[in-house]
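Listed here are the chains, written in short residue letters.
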Amino acid sequence: MKAGCLFAAALAGVLLSACSDDKEAPLPELKDTVFTGVKGLKLYYCGEAMPGKSARLTPDDNGNAQLTLYSDFDLSQLSIKGVEGNIPAPGVIPGDVSTPLSLALMPGDGYRSFSGEGKSADATFSYSGKVYADSLVMEISDVKLDNLALAGSVWQLSPLVKNEDGIGYKSTPFHIEWDVTPLPDQTIQLGDLLSLAVTVPCIPVYNGTAYSSVAQLLTQLVQTATFLPNGNVVIMYVSTTGGAAHLATLSGNTIQYTVASPQYAKFYVNPLSVAGLAMTSGVAADLYSKFDTISSETDGETNEALTALMPAIKQLMAKLAPQIAGGIPMAYTKTDNSLDLYFDTATAAPVVQALTQALLSDPKIMQALSTELAKYPELAPILPQITEVLKQLPSYLEKTTRFEFGLSLTSYKAK
C-alpha cells in the first residue's frame, strides 16, 4: 500500500474514532418551572421580542408538558409611592389572559423542542420553541385575527383646524360628545367645555416661553397608527430621546387589539413597555418625572395639584387595574376615510364615576385643582364654567344621557 493511502486510512480512522466519541448534551430535566423575562424566558411575537410575559411549564408522566402563557405586572415598577402589588396583565395572544398549550416534546442536543398550531377565542397562530435546563426560547408566528375589520388600515390623527370665524374648531384629534338632561339654571354645554379643555393652550412648553394644548401636543407627537392582521397596533411617533426630534416606532406588541363586534374593539396594553417608554421619551418622561418626584417627596416645590391628586390617582388605578388584562373596550365608527375610537356611555361610566369619587374624596383636591387652573391666563375666560362643572359634577353625571370621549382619526395619506 502506498504511503498516501496509508496516511488517508489512518486519518479516516482517527476521524471515525473522534465522531464515535461525540455525545449529545444531556436532555434537561423536566420539572414544574415558571420562566419570566428576568428568569430564562426569551419570547418573540411575529419576529419581535415580547417583554413582560411569563410561561409556566408543567410536565406530564409521558415526557411531554403543558405550557401556559400569561402576564402580570408589578405596580412598584411605576415608582409611585404607595402604589404596589401585582396585577394581571394582557396575555401573549390578543384577547387571551392566558393561553394553554399541550406540547409534544422532542429530544435534541441539550434541549427539548416543540412546535404546533393554536387557536384562541380571537386568533389562529403557530408556535415553536426549545426548552433548555434553565431557559425557554419561544416564537409565536403566523398570527391572524378572526375579525379583520380594522386590519391593514393606516390612520393619522384628525388635524386641528379652526372654524372660518376663528372661534372654535371644526376639526380636532378628539371625539367628544356629552349630552346632559338640562338642569335648573344650566348654561354650560359640557361637550363644548370639554373641547375647550383639550384645545386651549395652557401647557407650558419651550422652558415656559410658550403654551400649547393637549390637542396640539398630541398631533405633534403621534404620526400614524397601523392595525396589523396579527393583532399589533404599530404607532409611529416623534421622539426627543437623545436630543433632536426624530421619528420612532413603538414596539410592535406594546399595544394589541381585537375586534369584538361591528361596534366595539378591545385594546391590550403591555404595561411594562409603556412604563419603559414613559421613562425614556419626551413629554411622557417629563410627566413621569413629576409623579416620581411626588413619590420621593424630595422636592419642596412639587406641584400642589398633583400632590393632592395622588390619593385620587391611586383610587382610580385600583378601580381600573383589574380591567387591564381583559382588554380596554372602546366603541368605534369607521368609514373609508375616518375612524373614531372612543369610550361611550356604557364603557366610560365606571371610569368617570371612579374619577369623580376620587376627586370629591378630599376637599383639598378641588382647591388644589382650582389653584392650578388659575395659573394659566388662557383659561381665565372659561375658569368660572370649569369651576361650576367641578362643583356640580355628580349632578351632571346623574343626568348624562350620552358621553363619548376618544380619538378622531383620518385615513393616512403619504406626503
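Structural notes, computed from the coordinates.

Rules of the game
- Residues numbered from 1 in each chain as written.
- Predicted model: local features only at pLDDT ≥ 70, side-chain atom pairs only at ≥ 80, totals over all residues.
- Heavy atoms only, no water.
- Helix = DSSP H or I, 4+ residues; strand = E, 2+ residues; numbered from the N terminus.
- Buried < 20%, exposed > 50% of the residue type's maximum accessible area, 1.4 Å probe, protein only.
- Contact = heavy atoms within 4.5 Å.
- Areas by Shrake-Rupley, 256 points an atom, 1.4 Å probe, with all protein chains shown as cover.
- Core = buried A, V, L, I, M, F, W, Y, C linked by side-chain atoms within 4.5 Å.
- Pairing = 2+ DSSP bridges.
- Salt bridge = Lys/Arg side-chain N within 4 Å of Asp/Glu carboxyl O.

This next bit is on the overall build of the chain. Of the regular secondary structure elements, the chain holds 10 helices and 26 strands. Taken across its 415 residues, the chain has 38% of its residues classed as buried. Considering only contacts within the chain whose residues lie at least 6 apart along the sequence, 60% involve residues at least 24 apart. Carbon and sulfur atoms provide 57% of the accessible area of the chain, an area that totals close to 22200 Å².

With 44 residues, the main nonpolar core has Leu67, Phe114, Met138, Ile140 and Phe227 as its most contacted residues. At 5 residues, strand 12 (residues 136-145) tops the list of elements feeding residues into this core. In this structure, Leu193, Ala348, Met366 and Val389 belong to the second largest nonpolar core, which totals 17 residues.

So, about the sheet that holds strand 12. Strand order in the open sheet formed by 6 strands is 3-2-12-11-10-9, and the pairing between neighbours is mixed. Whereas interior strands pair on both sides, the edge strands pair on one side only; in this sheet they are strand 3 (48-49) and strand 9 (106-107). Of the strand pairs in this sheet, strand 2 (residues 41-45) and strand 3 are connected by 2 bridges, and their pairing is antiparallel. If you follow Tyr45 over to strand 3, its bridge partner there is Glu48.

This next bit is on the pattern of salt bridges. Scanning the model with the defined rule gives 6 salt bridges in all. The residue Asp146 makes a salt bridge to Lys119 at a minimum N-O spacing of 2.9 Å. Within this pair, whereas Asp146 is found in the loop between strand 12 and strand 13 (154-157), its partner Lys119 is found in strand 10 (residues 112-119), the two being separated by 27 residues in sequence. The exposure class of Asp146 is partly exposed, given its relative accessible area of 43%. Arg402 is the salt-bridge partner of Glu177, the closest N and O atoms lying 3.8 Å from each other. Of the two residues, Glu177 sits in strand 16 (residues 174-180) while Arg402 sits in strand 26 (residues 400-411), which places them 225 residues apart along the sequence.

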